[in-house]
Amino acid sequence: MVQSGTSVVGVTVRGLGKAFRGTWALRGVDLDLAPGETLVLFGPNGSGKTTLLKILATLVRPTRGSGVVSGADLVRARDQIRHRVEILSHGSALYEELSPRENLSFAAAIRGDRPAEGAVAAALERVGLGEVADERVRTLSSGMKRRITLARLLLRRVDLWLLDEPYTNLDREATKVLEAALQEHQERGGMAVIATHNFLDGFKLATRLAILARGRLILDEPRGTMTLPAFQELYALRTEGGGR
Amino acid sequence: MNFLALAAEILRKDLRIEARSREGVNTLLFFSALLVFLFRFALGPTEAQVRQGAPGLLWFAFILTGLWGMARAFQIERENDCLEALRLVPGDLGGLYLGKVVGGCCMMVATELAIVVMFGLFFHLDLWPAGVRLVPVLILGTVGFVAIGTLFAAITAHLKAREVLLPLLLLPLVIPVLLPASRLTELALAGESLGAEPHWLRLLLVFDLVFLVLGYLTFPFVMED
Amino acid sequence: MDRLGVTLGLGAGALVVAGLWMGLVQAPPDAVQGEVQRIMYLHVPSILTAYLAFTVVLVCSIGYLVRGTRGWDRLAHASAEVGVVFTAITLFTGAIWGKPTWGVWWTWDARLTGTAVLFLVYLGYLMLRSVVEDQDRAGRYAAVVGILGFFDMIFTHMAVEWFRTLHQSSSLQRGTIDTALKLPLYVNLLAFVVLYAYFLARRLRLAALDEAVEARDLGE
């Protein structure tokens, strides 16, 4: 899976585990992702999806196991990974008193990026926020705030996208922008791990399907010829008792 | 990203937010005015008592408002999970610490000056002899307080008991700031030269340096995970 | 009970008995203060041992931050706990000494104030640990407090000393203490240090057992 020498070398995770005071949030997770693949992760609440994403983003250190993201070790080369990964979390990480433009500029600045002239404006335009680019975020709706985070994602070229419930608060138009952007990302060889409850949209995007339940990866396979109803049935079967 | 550049970005962002925020400086000033009133009523009708206790009272007021200011530095980042994005900054997080410290000092010193002016106004203190001498004392004392306060604010930011833990942890540690600062303030208000008790100045200076360095070194460990 | 614990325990016990006998019975009473001065044999070793304990906390805190292995953290925690206990003993014996000597249970004398602040600082250390749920985080946060607290104490002692002093300046430093009193003092000091080591060993063992139980609950 790991081919050194190429710029995008995939994600490899072995035996990943994370324990929080007395319980395992993740247990023995093995994962492989090749360039161009989009893994869509389904699972009941509390199954550990967010934890997995955060570990891949290097926000959280694993208790057990190891992993390599784009050739960099998950524990020892976190800084390198941070250059190659972008996470879209539950929290928007937006400053309410600043404008969308200022928020995006700040996000780029603290990473040491200098976005090209007009790149910020273009990203905001693309998500339909061109007109409110200089309004305080506090005055915007939650849907608009979500779109700012999408624009922030679009500003960077990274190897791996980690999207945690990206469809929340995203209307149909913005969803289309997300899907188009994901497609471009895939074509560039980028990878994505998307955690979602939205079977309809999530299923569409997947090249791989996975189910996480009670911290364990109980399914991980290419989408192949699977249909959505079949998958939903499989999900219900495999996670019975785990709730939704 | 080099830590000075990061510090500058953080500082710029915080000052901008502060300028636009409805809370912040306004609330601090209002709170300080309230304190001044309280001192008056608590200390009885004789002004002489207040004037005598002025240095200590001033620093008491500074510390009280400072506690609030310190907590605020990281509460801003907690809203919307901004701290998560900051933790993902590759490289030296010491820049975040430095930016917050400088920002905190600016806020505090501005508030302190306002409090001093209010004190002078309401208690008929003669501030002119104090004049320029007071400012270095304010700065030196504030730096020491903020150096540790920023660190502890980061530690307690996510804890449920933060409102009681921050003062509990911070206050005993800032005693070596409080003592010299209030003594030097006393000198300044009396119109005397600060050089009259140079050991206090030296203590403050060394304290500030030591704790800025310690804060800078330990901050990344606080931000982990 | 493990071998080390037993040895330390017996050693501590023997030394404490010897020290107490020497200090409270054998040594001559002080020329000026009389019998009450005997409390020095508890008070001084107590604070010195507390300093030792907090120095260990400093070293282990740095060790934990740099190395990250649980052993450092456990030792830091245990040492802080024992240190706080000895500091409390210092304050308590100080008060008992103070009442007949100065007439009051408490004064804002430099040394006593400094010790009280020390107590507060490391009490805060323990409180922080108890409030943070994640053990790793708790250790890291506590390590930061342990490091800052140590250096802060140096400054606090200086500052408070300059502020005002009522205490007799350190008897050991000045060297004016009579030889007849020196020996019992050193014996008691040794006794306290061994006692500290004993408590530390017990506390460490307890912590290790605690962690083993948690690990088993986790289903390692």
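All of these numbers come straight from a predicted model, not from anything done at the bench.

A.B. asks: Help me understand unusual backbone geometry in this model?
C.D. replies: The general pattern is negative phi for most residues beyond glycine and trans for most peptide bonds. Residues and elements named next belong to chain A. Even without glycine at this site, Glu165 takes up a positive phi of about 50°. Turning to its location among the elements, Glu165 is positioned in the loop between strand E7 (160-164) and helix H6 (172-187). With 19 C-beta atoms packed within 10 Å, Glu165 lands in the partly exposed category. Unlike most non-glycine residues, Asn169 shows phi in positive territory, near 65°. Along the chain, Asn169 turns up in the loop between E7 and H6. Here Asn169 falls in the partly exposed class, since 16 other C-beta atoms lie within 10 Å of it.

A.B. asks: I would appreciate a short explanation of the sheet that holds strand E1 (residues 11-20) of chain A in the present structure.
C.D. replies: Strand pairing within a sheet occurs via backbone hydrogen bonds; the two strands may be parallel or antiparallel. Residues and elements named next belong to chain A. Read across the sheet, four strands follow the order E2-E1-E4-E5 without closing on themselves; strand pairing throughout is antiparallel. For this open sheet the edge positions go to strand E2 (23-33) and strand E5 (72-73), each flanked by a neighbour on one side alone. By the bridge criterion, two bridges tie strand E4 (residues 64-69) to E5 in an arrangement that is antiparallel. The partner of Val68 across the bridge, within E5, is Asp73. Where helix H1 (residues 49-56) meets the sheet, its contacts fall on E1, E2 and E4, and the angle it forms with E2 comes to roughly 60°.

A.B. asks: Could you clarify how one ought to interpret the interface of chain B and chain C in this entry?
C.D. replies: Where interface size is given, it is often the accessible area lost as the parts come together that is meant. Contact residues are listed per partner, giving 24 residues for chain B and 26 residues for chain C. Those elements that provide at least two residues to the side of chain B that touches chain C are helix H6 (131-156), helix H7 (162-173), helix H8 (175-189) and helix H9 (198-223) of chain B. Broken down by element, the side of chain B that touches chain C gets its largest block of residues, eight residues, from H9(B). Residues of the side of chain B that touches chain C, tallied by class, amount to 20 nonpolar, two polar and two charged.

A.B. asks: Looking at this structure, I do not really get the packing of H9(B) against helix H5 (residues 135-163) of chain C. What am I missing?
C.D. replies: A packed helix pair is summarised by two numbers, namely the angle formed by the two axes and the spacing between the axes. Close contact between H9(B) and H5(C) brings their axes to 10 Å; oriented N to C, the two are set at 175°. Judged on the interaxial angle alone, H5(C) and H9(B) are roughly antiparallel. Where H9(B) abuts H5(C), its residues B:His199, B:Leu203, B:Phe207, B:Val210, B:Leu214, B:Thr218, B:Phe221 and B:Val222 lie against C:Arg140, C:Tyr141, C:Val144, C:Ile147, C:Leu148, C:Phe151, C:Phe155, C:Met158, C:Ala159 and C:Trp162. For the contact of H9(B) with H5(C), the residue count by class is 15 nonpolar, two polar and one charged.

A.B. asks: How do you make sense of the confidence of the model for chain C when you look at a structure like this?
C.D. replies: Any region with low pLDDT has predicted coordinates that should not be read closely. Residues and elements named next belong to chain C. Residues with a pLDDT of 70 or more make up 90% of chain C, whose mean pLDDT is 84. Highest mean pLDDT in chain C belongs to helix H2 (residues 40-67) (93); lowest belongs to helix H6 (residues 171-174) (48). Scored by ipTM, the complex comes to 0.91, with pTM at 0.89.

A.B. asks: Just checking my understanding: could you explain the interface of chain C and chain A for this structure?
C.D. replies: Listed per partner, the contact involves five residues of chain C and five residues of chain A. Of the residues assigned to the side of chain C that touches chain A, the class counts are one nonpolar, no polar and four charged.

A.B. asks: Honestly, H8(B) in this entry has me stumped. Any pointers?
C.D. replies: In an α-helix there are 3.6 residues to a turn, and that puts residues three or four apart on one side. Over its 15 residues, H8(B) runs 21 Å from end to end, which matches the ideal 21 Å to within 8%, given 1.5 Å per residue. Remark: B:Gly191 follows H8(B) within two positions and exhibits a positive phi of approximately 80°.

A.B. asks: Quick question: what am I supposed to make of the pairing of E4(A) here?
C.D. replies: Along any regular strand the residues' side chains alternate between the sheet's two faces. Residue and element names in this part refer to chain A. Across five bridges, the pairing between E1 and E4 is antiparallel. Across the sheet, the residue bridging to Gly17 is Arg64, located in E4. Between E4 and E5, which follow one another and run antiparallel, lie two residues, and Ser70 among them has a positive phi close to 50°.

Definitions and limits used
- Residues numbered from 1 in each chain as written.
- Chains lettered and ligands numbered in written order.
- Predicted model: local features only at pLDDT ≥ 70, side-chain atom pairs only at ≥ 80, totals over all residues.
- Helix = DSSP H or I, 4+ residues; strand = E, 2+ residues; numbered from the N terminus.
- Buried ≥ 20, exposed ≤ 12 C-beta atoms within 10 Å, placed from the backbone.
- Pairing = 2+ DSSP bridges.
- Contact = placed C-beta atoms within 7 Å.
- Axes fitted to C-alpha atoms, helices over the stretch in contact; angles between N-to-C directions.
- Nonpolar A, V, L, I, M, F, W, Y, C, P; charged D, E, K, R; others polar.
- Parallel < 35°, antiparallel > 145°, perpendicular 65-115°, else oblique.
- pLDDT = per-residue confidence, 0-100.
- Expected span 1.5 Å × (residues − 1).

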